Structures are given as structure tokens and as C-alpha cells.
Amino acid sequence: MPKILAVNAGSSSLKFKLFEMPNEEVLTKGVVERIGLDQSFFKIYVNGEEKKESCQITDFSIAVQLVLNKLTEYGIIRTLNDIDGIGHRVVHGGEIFSDSALITDGTLKKIEELSHLAPLHNPVNVLGIRAFQKVLPDVPAVAVFDTAFHQSMPEQSYLYSLPYDYYEKYGIRKYGFHGTSHKYVTERAAQLLERPLKHLRLISCHLGNGASIAAVEGGKSIDTSMGFTPLEGVAMGTRSGSIDPALIPYIMEKTGKTADEVINVLNKKSGLLGISGFSSDLRDIEDAAAKGNARGELALAVFADRIHKYIGSYAARMCGVDAIIFTAGIGENSDVVRERVLRGLEFMGVYWDPALNKVRGKEAFINYPHSPVKVLVIPTNEEVMIARDVMRIANL
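All figures in this text were calculated on a predicted structure; none of them were measured in a lab. Here, residues in each chain are numbered from 1, in the same order as that chain's written sequence. Where local features are concerned, this predicted model is filtered to residues with pLDDT of at least 70; where side-chain atom pairs are given and counted, the filter is 80 or more; whole-chain, interface and lining totals use all residues. Water and hydrogen atoms were dropped before computing side-chain values, which therefore reflect all heavy atoms in the structure.

Q: For this particular structure, what's the right way to read the overall build of the protein?
A: Strands are runs of DSSP state E lasting at least two residues, helices are runs of H or I lasting at least four, and both sets are numbered from the N terminus onward. What the protein contains, in helices and strands, is 14 helices and 14 strands. For the protein, whose C-alpha radius of gyration is 21 Å, the value lies close to the compact-globule estimate of 21 Å for 396 residues. Referenced to the eigenvectors of the C-alpha coordinate spread, the extents of the protein come out at roughly 60 × 55 × 45 Å. Residues counted as buried form 50% of the 396 residues belonging to the protein. For this analysis, residues touch if any pair of their heavy atoms sits within 4.5 Å. Considering only contacts in the protein between residues 6 or more positions apart, those separated by 24 or more positions represent 60%. In short, Shrake-Rupley with a 1.4 Å probe defines the accessible areas, and a residue's cover is counted only from the protein chains shown. Accessible area of the protein: about 18,100 Å², with a carbon and sulfur share of 51%. Within the protein, the 47 negative side-chain charges are centred at a point lying 2 Å from the centre of the 44 positive side-chain charges. Within these notes, the globule rule equals 2.2 Å times the number of residues to the 0.38 power, and the radius of gyration is based on C-alpha atoms. When accessible area is computed with a 1.4 Å probe and restricted to protein chains, residues below 20% of their type maximum are described as buried, those above 50% as exposed, and intermediate ones as partly exposed. We treat Lys and Arg as the positive residues and Asp and Glu as the negative residues; His and chain ends play no part in the count. The atoms used to mark charge sites are NZ of Lys, CZ of Arg, CG of Asp and CD of Glu.

Q: Teacher, can you tell me more about helix H2 (residues 105-113) here?
A: One full turn of an α-helix is made of 3.6 residues, so residues set three or four places apart face in the same direction. Among all positions of H2, only Thr-107, Leu-108 and Ile-111 are buried. Along the axis of H2, the buried residues cluster in a sector spanning 95 degrees; they form a single face. Facing away from the buried side of H2 by over 90 degrees, the exposed positions are Asp-105 and Lys-109. Throughout, the arc means the angular range of directions from the helix axis out to the C-beta atoms.

Q: Sorry if this is basic, but what is going on with a nonpolar patch on the surface here?
A: Nonpolar side chains collect at one region of the surface, where Leu-162, Tyr-166 and Tyr-170 lie side by side and expose about 310 Å² of accessible area between them. On the secondary structure map, Leu-162 appears in the loop between helix H4 (155-158) and helix H5 (164-170). Judged by relative accessible area, which is 44%, Leu-162 ranks as partly exposed. Think of a patch as exposed residues, more than 30% relative accessible area, with no salt bridge, where like charges cluster within 9 Å and nonpolar side chains (Val, Leu, Ile, Met, Phe, Trp, Tyr) cluster within 5 Å. Definition used for salt bridges: Asp or Glu carboxyl oxygen within 4 Å of a side-chain nitrogen of Lys or Arg.

Q: What is the right way to look at the sheet that holds strand E14 (residues 374-377) in this model?
A: Strand pairing in a sheet is mediated by backbone hydrogen bonds. Such pairs are either parallel or antiparallel. At least two bridges found by DSSP between two strands is the condition for calling them paired. If you walk across this open sheet you meet the six strands as E11-E10-E9-E12-E14-E13, and the pairing is mixed. Each edge of the sheet is formed by a strand with only one pairing partner; in this case those strands are strand E11 (220-224) and strand E13 (364-365). In this structure, strand E12 (residues 323-327) lies alongside E14, joined through four bridges in parallel fashion. Bridging from a neighbouring strand, Phe-326 pairs with Val-377 of E14. Each axis is a line fitted through C-alpha atoms, and for a helix only the stretch in contact is used; angles between axes span 0 to 180 degrees, taken between their N-to-C directions. Lying on the sheet, helix H6 (residues 179-193) is in contact with strand E9 (201-207), strand E10 (211-217), E12, E13 and E14; it crosses E9 at an angle near 130 degrees. In the packing of helix H13 (residues 335-342) onto the sheet, the strands contacted are E9, E12 and E14, and the crossing angle to E12 comes to about 150 degrees.

Q: Is there a simple way to think about the side chain of His-150 in this case?
A: Structurally, His-150 is set in the loop between strand E8 (141-145) and H4. Its relative accessible area of 0% is what places His-150 among the buried residues. Here a polar contact means two N or O atoms within 3.5 Å. Within protein one must be a hydrogen donor candidate and the other an acceptor candidate, and residues neighboring in sequence count only if both atoms are side-chain atoms. Looking at His-150, its side chain comes within polar contact range of the side chain of Ser-221, at 2.8 Å. Look past the residues within four positions of His-150 in its chain and what remains in contact with it is Arg-173, Tyr-175, Gly-176, Phe-177, His-178, Gly-179, His-182, Ala-214, Ser-221 and Thr-224.

Q: I keep staring at the pattern of salt bridges and nothing clicks. Help me out?
A: Opposite charge on two side chains permits them to pair, given that their charged atoms come into close proximity. Enumeration over the complete set of coordinates arrives at 24 salt bridges. Notably, a salt bridge pairs Arg-388 with Glu-24, separated by 2.6 Å at the nearest N-O pair. Of this pair, Arg-388 sits in helix H14 (residues 382-393) while Glu-24 sits in the loop between strand E2 (13-20) and strand E3 (25-33); the two residues are 364 residues apart in sequence, bridging distant segments of the chain. For the salt bridge of Arg-195 with Asp-322, the shortest nitrogen-to-oxygen distance reads 3.7 Å.

These values are about where atoms sit, not about what they do.
Take a look at the structure:
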């Protein structure tokens, strides 16, 4: 059976998961952290046991070689010839890629050309792809784009009300992110609901340190909260979410910061961290709020309120909703956030069970049986979507 390696290259990390397909069995997973930095380390799971070691990893080529060496050293594969395909997460596919794509020289060139839309991500994704190509040049590889799922949005969803030539000349529009996650959980929801995806109106809430909401009708994304960048939308761990754009020059004037410095504040010092003043981790926020910390309570309220409003907006957009899905670290594990988000949605047919809502990290319905709108918790699995796309695109 084919063995597919799913890869996610970050700015200083390389995450991987090896699947045996088509049964989707996870043979191993791991990560190389702090690539190009001091105190690099490598972690891999062998028969469920974590193996971790410190090492010096100066670049992605060394990281890739280390991963492949360890796969054979630990007997997870016999030789590198056992790897039948590789799937690479790529953050931005722009308007060029509405689906995953077989990696060729032409594909790589287009990904590099889109780097102006994701300067912190696409160049690193390309580094990871090229590093694997050097070692496994004959193994088919597929690029899986975070933005591809949202390319089905209609113009009224993705266009900003700016001069139209900004879109034509500079590609300024909403692109959306977390597409692989939203696609996975909506497809899984259809299976759990035992209804055809093409007949469903779903709202997917991917809630982690980064968070986005998607309206998915008939299996296609028709709107999503993140925009030209992942900064737009709901409040997040350190991101502000949507704000009045006139605040940027105002903050510059009042603080003396440059535009880049203000954007850095909006990306890295806002959201839960900015409001609470002490943490971007929702677990810390919840603990503090439970102990009466006013700023912790305020951060929690703002976070849930923004999500609540998007759900109402998207239900209106689709003229109703059949199910609401919670996924990712917060969505899967925080009954507190789910309760605050769902509270008050009874008017649109959402009746959720506080006892069932106590679930953490596993698939579950948390609505009462009579609820017209179902509410599901579905752990996301972007890696398996990558592996499936490698099988489909590479015809394995």
C-alpha cells in the first residue's frame, strides 16, 4: 500500500506525518524545531513512543535529510524507495490555484511568484519542497494550498469595496485561509450527519491561536472571515482581527510607530494577549476569568462575541444553517468558548446540551436530539487531507 509523507514547513520548523494509504494509518509523525537557530531538536514517534534528541540543524536540507534518515534508522520504512508520494502544505495559492497541484518546475515558479502575498510563508514552503526534491527527485510531490478551498467564493464575498483596479492590478481581495481544515471538517460533518454534502449549509469554526469562520454551502466555501491576510476576521491569540483601518495612521500619530510597527502590534501583540495583558493562551485566559480577573473575562467575552456574530451573519447569508462545526485546538477542547458562542442562538434553531458540551478533543454531537441545527465537535486533520490529495493528484 502506498506510503505518503505529509509535510508542513514553517519559518524554523519542519513537521511531518507518514501515512499508509488508502487506509490512512499513521505510521509515524514528528517535527524538526528551531531550524537555523541554536538548540535545534528533532522529535519522532516510534510505535507510539516519543523519541527526542538535540541536534544542530542549520538549514532545511539538513532537516530533510535528518527526517529521512530517522525513518529508515527506526525501521519505519526499509528504504527511501518505500515513500510513494509527498504532500506539501503551501500557505498561499492566490487566484492561480483552486485545487492542489502536482509540483513541477512551473508550479514552483508560480508559488514563488505569489510570495508577495505571503512573504513569511511561501518562500519557506518552497525551501521545504526543494529540499525534498534534492533527496527524492523521482517521488511525485503535490502542493496543497490553504487558500484553494476558498476560491469558490463569489465576487461579492471576496471583493473589497475599494477601487476595482486595485483588485485588477494588485490582486487585493479576500483569499481566506485554513481551507484544508474547513474542507476536512465539512466533509466529515456530512458523513456524521448521513446527508449529502451538496445539500448542506454548514458553518465551520476553526478556532486556535489563529481562528477563522467559513460559510460552506453545498460543499463549497461561499465566505470566510480571514481576508487578504490572516489578520482579518475574529479576534485571535495575538491578532486583532478586523478593525477600523483609519486606526492605523491614528496609532502611528499617537505612538510614533511606523506602519510596519503598527502591523506588527496588530499581528503579535493584540487579540487575547492585547486585551488580557498577560497571555495569548486561551487556557490562561479561562483560568484567570474563572478567578475573577476582569481583563481575562473581557478577553474571553470579546473572543466569543466576534465568533457569535459571524455565525449569525453566515446563517443569514445561506438563508439558514444545518450544522455548526467547532474544530482546532480551542474549538475542540474549550467547552467555555463553545458555550459562550452558542448562547443566544436558540432563535435560529440551535439547541445545545450543556452536558454533551463537556466533550474534549473527540468527535461528538453536542446538540439536543430535537435541535433543527446540529452542533458538532470534529477534530481537524489537515495532514490526512494532504495525503488524500497526493493520492488523487498523483494518481497513486
